[in-house]
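Listed below are the residues making up each chain.
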Amino acid sequence: METVAEGLWGLADMHEKKGEIGKAVKCLEAICQSQVSFLPILEIKTRLRIATLLLKHSHNLNHAKSHLERAQLLLKSIPSCFELKCRAYSLLSQCYHLVGAIPPQKQILNKALELTASSGDGSSVKLWFCNFNSQLANALIIEGDYQNSISALERGFNCATEICYVELQMFFATSILHVHLMQWDDVNLVEIAVNKCNEVWESIEADKREQSLGLLFYNELLHIFYRLRICDYKNAAQHVDKLDAAMKADLQQIQHVQDLTKELDALNQSLSRQDLHYTDRSALSEKKTQVQEQLGRVSRVGSGGKESLESAYFGNVKRAWGDKLNLAPPPIDGEWLPKSAVYALIDLMVVIFGRPKGNFKECGKRIQSGLRTIQEELIKLGISDTVREVDLQHSAIWMAGVYLMLLMQFLENKVAVELTRSEFVEAQEGLVQMRNWFLRFPTILQACESIIEMLRGQYAHSVGCFSEAAFHFIEAAKLTESKSMQAMCQVYAAVSFICIGDAESSSQAFDLIGPVYRMMDSFVGVREKTSVLFAYGLLLMKQHNLQEARIRLATGLQITHNHLGNLQLVSQYLTILGSLALALHDTGQAREILRSSLTLAKKLYDIPTQIWVLSILTALYQELGERGNEMENSEYQRRKADDLQKRLVDAHSSIHHIELIEKVRLEVRQLHELDVKRAVGGPSMRVSLDIPESVGLLTPSPAPSSSRLVDLDTRRRGKRKI
């Protein structure tokens with residue numbers, strides 16, 4: 001019967017290579033369903049093989065689970081078979097993970113750890129010990145048990161250290177850092193985890209580092225998230241450049257492999273001809289050998305790993321070589337995210353760092369690249385234009401959540417870029433897309449609801465609807481548990497209230513700014529501090545407390561320049577300080593400051609800020625009696641104001657304008673929330689990328705309203721209200 005089993009195994013392999021998964025499974029199930037008994041060991045191996053096929057190629061998780069549970073039952077009666085028992089435990093754990101059954105997963109992993117504890121100190125035992133601790137940590141994260149998750153990862157790290165497996169140490173070091181970033185309980189502990197990653201990475205030999213592409217990307221992205229959180233943008237930028245270069249090099253290598261494969265196919269085609277002359281055949285054969293050697297050298301990196309142990313954690317689409325980023329060797333053999341998601345993340349990082357500097361052309365390319373990649377992956381997961389959250393296969397929820405969250409991040413940045421450039425209609429389109437995705441996937445994208453409300457506020461403010469903007473900012477603050485996000489939304493709302501200009505609105509602005517100002521030094525990083533100093537400076541100007549305003553604004557500008565590198569926020573700070581200098585009759589400093597501000601605003605295509613600066617420069621030239629400069633400046637200001645007015649008219653006449661600004665929150669029905677709780681609670685959903693403020697701090701954008709903020713000289717008259 002063993003010969004029969006081997007024959008059916010071989011036939012199943014042949015069908016799998018052809019992509020005929022159903023036929024492969026039927027061949028293997030013929031062994032399990034046979035009326036003639038096979039040896040238990042043959043049935044166990046067969047059931048594990050069936051489960052592996054189902055996990056890789058289908059959404060039939062319950063079928064896979066039943067085979068694994070039967071295999072585990074059979075293994076109980078066999079005293080040996082350590083490797084098979086471990087494989088059964090590992091696959092069953094992954095299966096429970098995919099169906100969201102976390103308590104049974106933890107139970108099975110604890111049994112697996114008991115098995116390793118009683119099986120000696122061999123290298124195989126140690127590796128399986130690492131595997132099970134890694135999976136246990138993942139399960140604990142989903143339950144929000146960060147401390148025990150870190151403990152499990154530390155056990156894995158110590159075990160990897162004992163067997164001197166430095167790449168495995170790096171896997172656990174980065175995983176520990178990942179959990180600390182999610183928890184962010186103590187900044188010192190996070191810093192220790194960062195330093196440990198650096199220490200272990202430096203201990204890996206240079207050639208092995210080049211081969212550990214998955215670890216490189218994982219480590220660098222985690223470092224970026226850390227630097228973003230503490231607002232260390234200058235050091236973070238180095239990691240972004242390194243990642244971008246590594247991604248481009250890998251894409252070139254993949255293209256090279258594809259070119260060599262095509263060339264090899266062409267050579268094989270030529271060699272198959274019967275009428276080929278001996279000399280030509282000899283030359284082609286020699287060329288074929290050379291191409292095969294080249295292909296072997298190029299594809300050797302990253303091609304390792306036992307196929308049968310491929311991780312089923314992150315979706316069920318089988319990926320070819322070149323489309324997977326292994327983080328650790330077998331039997332860990334897992335990946336953090338598929339390569340397409342990692343590359344989309346890298347594009348997103350380039351956008352996040354390029355947008356505040358005004359690199360909009362490159363940002364546009366990366367946004368389109370990321371959106372295209374994500375759309376392709378969503379289609380592979382069965383998410384077409386008509387699919388909603390309730391239609392998702394359970395096993396696709398986690399991976400769908402990853403791509404949907406990335407999609408929203410790209411759209412958020414697209415809206416931010418368009419608002420900065422005063423392309424209001426394009427910003428509307430991006431916001432409508434975000435709203436529609438959220439309405440279709442409200443539970444998976446629950447964390448995005450406050451972002452959408454915040455962006456509705458950004459849009460409303462940009463088109464001069466300040467009361468509506470304040471409403472949406474306040475609603476956004478209510479919808480998030482993030483203290484940072486709450487603070488930023490309160491500051492945004494305060495600026496909108498200041499722009500309304502009446503006494504009641506100024507009082508509301510003060511009520512919003514006060515609490516944030518008092519706690520600004522308690523936040524990690526300086527983003528909240530620079531934002532509230534900006535708003536507080538505006539409010540002090542409104543109250544004609546000019547010297548105090550100047551001190552606060554100068555402090556905020558210095559922090560922004562040194563830490564954030566956000567040119568738009570710097571430009572806005574400079575504009576207000578230039579206005580203050582003019583009000584204090586320091587015309588020389590005012591001229592210098594305002595010219596710098598105008599240069600930055602032009603670089604950013606920021607028309608409202610340009611108009612704001614130009615209006616102050618006009619007042620400056622009036623005070624100095626520079627009639628020629630005044631007229632030239634006024635003419636340029638008029639052209640810019642006409643341009644902005646046209647854009648505003650287009651925005652107000654759009655069919656989406658009213659629905660975006662109206663003082664109503666999005667209404668959604670939460671569908672099968674228990675089913676998607678895992679997706680929302682999973683690592684990718686819980687790690688905030690800590691995106692910098694969407695459009696700097698809001699300028700008091702339309703020119704007429706901005707004049708109320710900076711009109712400290714009584715000779716300046718109000719302009720018509722939009």
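Since the model is a prediction, treat every value here as computed from it, not as a measurement. (Residues numbered from 1 in each chain as written. Predicted model: local features only at pLDDT ≥ 70, side-chain atom pairs only at ≥ 80, totals over all residues. Heavy atoms only, no water.)

Trainee: Give a detailed account of the overall build of the protein, specifying residues and quantitative values.
Mentor: Looking only at helices and strands, the protein has 32 helices and zero strands in total. A burial count over the protein gives 58% of its 722 residues as buried. Contacts spanning at least 24 positions in sequence make up 70% of the contacts within the protein whose residues lie at least 6 apart. Total accessible area computed for the protein in this model is approximately 30,500 Å², and 50% of it derives from carbon and sulfur atoms. (Helix = DSSP H or I, 4+ residues; strand = E, 2+ residues; numbered from the N terminus. Buried < 20%, exposed > 50% of the residue type's maximum accessible area, 1.4 Å probe, protein only. Contact = heavy atoms within 4.5 Å. Areas by Shrake-Rupley, 256 points an atom, 1.4 Å probe, with all protein chains shown as cover.)

Trainee: Tell me about the nonpolar core, residues and numbers included.
Mentor: By size, the foremost hydrophobic cluster in this structure holds 233 residues, and its most contacted members are Phe217, Met349, Trp437 and Leu445. Examining the composition of this core, we find that 16 residues originate from one element, helix 17 (residues 397-420), more than from any other. With sequence-adjacent residues up to four places away left out, Phe217 is seen in contact with Leu243, Ala246, Met247, Leu325, Val342, Tyr343 and Ile346. Of all hydrophobic cores here, the second largest spans 10 residues; its members include Leu260, Leu271, Val291 and Val298. (Core = buried A, V, L, I, M, F, W, Y, C linked by side-chain atoms within 4.5 Å.)

Trainee: Lay out the environment of His656 with the relevant residues and their values.
Mentor: Examined against the element boundaries, His656 turns out to sit in the loop between helix 28 (627-652) and helix 29 (657-661). A sequence separation of 228 residues divides His656 from Gln428, and the C-alpha atoms of the two residues are 6.8 Å apart. If we skip the residues at most four places from it in the chain, His656 touches Gln428 and Val432.

Trainee: So what's going on with the environment of Ser58? Residues and values would help.
Mentor: Following the sequence through the fold, Ser58 ends up in the loop between helix 3 (40-57) and helix 4 (61-75). Once the C-alpha coordinates of Ser58 and Gly22 are considered, the two residues, 36 residues apart in sequence, prove to be 9.7 Å apart. Polar side-chain contacts of Ser58 include one of 2.8 Å to the backbone oxygen of Leu54. A polar atom in the side chain of Ser58 sits 3.0 Å from the backbone nitrogen of Asn60. (Polar contact = N/O pair within 3.5 Å; in protein donor to acceptor, adjacent residues only side chain to side chain.)

Trainee: Kindly report on the pattern of salt bridges, identifying the contributing residues and their values.
Mentor: One pass over the full model with this rule turns up 37 salt bridges. Ionic pairing is found between Lys529 and Asp521, a salt bridge with its closest N-O pair at 2.9 Å. For Asp521, a relative accessible area of 59% corresponds to the exposed category. For Arg552, the salt bridge is made with Glu548, and the minimal N-O distance between the two is 2.6 Å. Of this pair, Arg552 and Glu548 both sit in helix 24 (residues 546-564), four residues apart, roughly one helical turn. One salt-bridge network, in which partners are shared between bridges, spans Asp244, Lys248, Asp347, Glu362 and Arg366. (Salt bridge = Lys/Arg side-chain N within 4 Å of Asp/Glu carboxyl O.)

Trainee: Account for helix 15 (residues 339-354), naming residues and giving values.
Mentor: For helix 15, which comprises 16 residues, the first-to-last C-alpha distance of 22 Å matches the rise-based estimate of 22 Å (1.5 Å per residue) to within 8%. Of all 16 residues in helix 15, 16 are buried; the element is thus mostly enclosed. (Expected span 1.5 Å × (residues − 1).)

Trainee: Can you lay out the environment of Phe424 for me, pointing to particular residues and giving the numbers?
Mentor: Inspection of the secondary structure assignment puts Phe424 in helix 18 (residues 424-440). With 220 residues separating them along the chain, Phe424 and Leu644 place their C-alpha atoms 10.0 Å apart. What Phe424 contacts, discounting residues up to four positions off in sequence, is Leu419, Tyr459, Ser462, Val463, Leu644, Arg647, Leu648 and Ala651.

Trainee: Hey, could you go over the state of the cysteines for me, with residue numbers and the actual values?
Mentor: Applying the stated criterion across every chain, the model contains zero disulfides. The thiol of Cys130 is unpaired, and the distance to the nearest cysteine sulfur, on Cys159, comes to 3.8 Å. For Cys130, a relative accessible area of 0% gives the class buried. (Disulfide = S-S within 2.5 Å.)

Trainee: Describe the packing of aromatic side chains, listing the residues and the values that go with them.
Mentor: The description of an aromatic ring pair uses the distance of the two centres, along with the angle that the planes make with each other. Throughout the structure, instances matching the rule amount to 11 aromatic pairs. Seen from their ring centres, Trp128 and Phe132 are 5.6 Å apart, and the 25° between their planes marks the pair as stacked. Separated by four residues within a single helix, Trp128 and Phe132 lie in helix 7 (residues 123-142), roughly one turn from each other. Across the pair, Phe132 and Trp128 agree in class, each one buried. Ring plane angle 85° and centroid distance 5.6 Å describe the contact between Phe217 and Tyr343, whose orientation is recorded as edge-to-face. One end of the pair, Phe217, is in helix 12 (residues 213-229); the other, Tyr343, is in helix 15, and 126 residues separate them in sequence. The same class applies to Phe217 as to Tyr343, namely buried. For Arg229, the ring lying beneath its charged end belongs to Trp184, and the centroid distance is 4.5 Å. The ring of Trp437 has Arg440 lying over it, and the distance from NZ or CZ to the ring centre is 4.5 Å. (Phe/Tyr/Trp six-rings, centres within 6.5 Å; stacked < 30°, edge-to-face > 60°. Lys NZ or Arg CZ within 6 Å of the ring centre and 35° of its normal.)

Trainee: An account of the confidence of the model for the protein is requested, with residue identities and associated values reported.
Mentor: The share of residues in the protein with pLDDT of 70 or more is 89%, and the mean pLDDT across the chain is 85. Confidence drops under pLDDT 50 across residues 301-321; counting only partners more than four residues distant or on other chains, this segment forms 64 contacts. Predicted confidence for residues 672-722 stays below pLDDT 50, and this span has 164 contacts to residues more than four positions away or in other chains. (pLDDT = per-residue confidence, 0-100.)

Trainee: Describe in detail helix 3, supporting the description with residues and values.
Mentor: Along its 18 residues, helix 3 runs 26 Å from first to last C-alpha, staying within 8% of the 26 Å computed at 1.5 Å per residue. Buried residues dominate helix 3, accounting for 13 of its 18 residues.

Trainee: Which residues make up the packing of helix 6 (residues 102-117) against helix 7, and what values do they have?
Mentor: Relative orientation and spacing of two packed helices are given, respectively, by the angle between their axes and the distance between those axes. Their axes nearest at 9 Å, the elements helix 6 and helix 7 cross at an angle of 160°. The orientation of helix 6 with respect to helix 7, classified from their angle, is roughly antiparallel. Classified by chirality, the crossing of helix 7 by helix 6 is left-handed. Every residue of helix 7 that contacts helix 6 at Ile102, Gln105, Lys106, Leu109, Asn110, Ala112, Leu113 and Thr116 is listed here: Val125, Trp128, Phe129, Phe132, Asn133, Gln135, Leu136, Ala139, Leu140 and Ile142. (Axes fitted to C-alpha atoms, helices over the stretch in contact; angles between N-to-C directions. Parallel < 35°, antiparallel > 145°, perpendicular 65-115°, else oblique. Left-handed = near helix turned anticlockwise from the far one by under 90°.)

Trainee: Go over unusual backbone geometry, please, and point to the residues and values.
Mentor: Its identity is not glycine, yet Cys164 carries a phi of approximately 55°, on the positive side. Positive phi outside glycine occurs at Cys231, with the angle close to 60°. Its location among the elements puts Cys231 in the loop between helix 12 and helix 13 (233-271). By relative accessible area, which is 2% here, Cys231 ends up buried.

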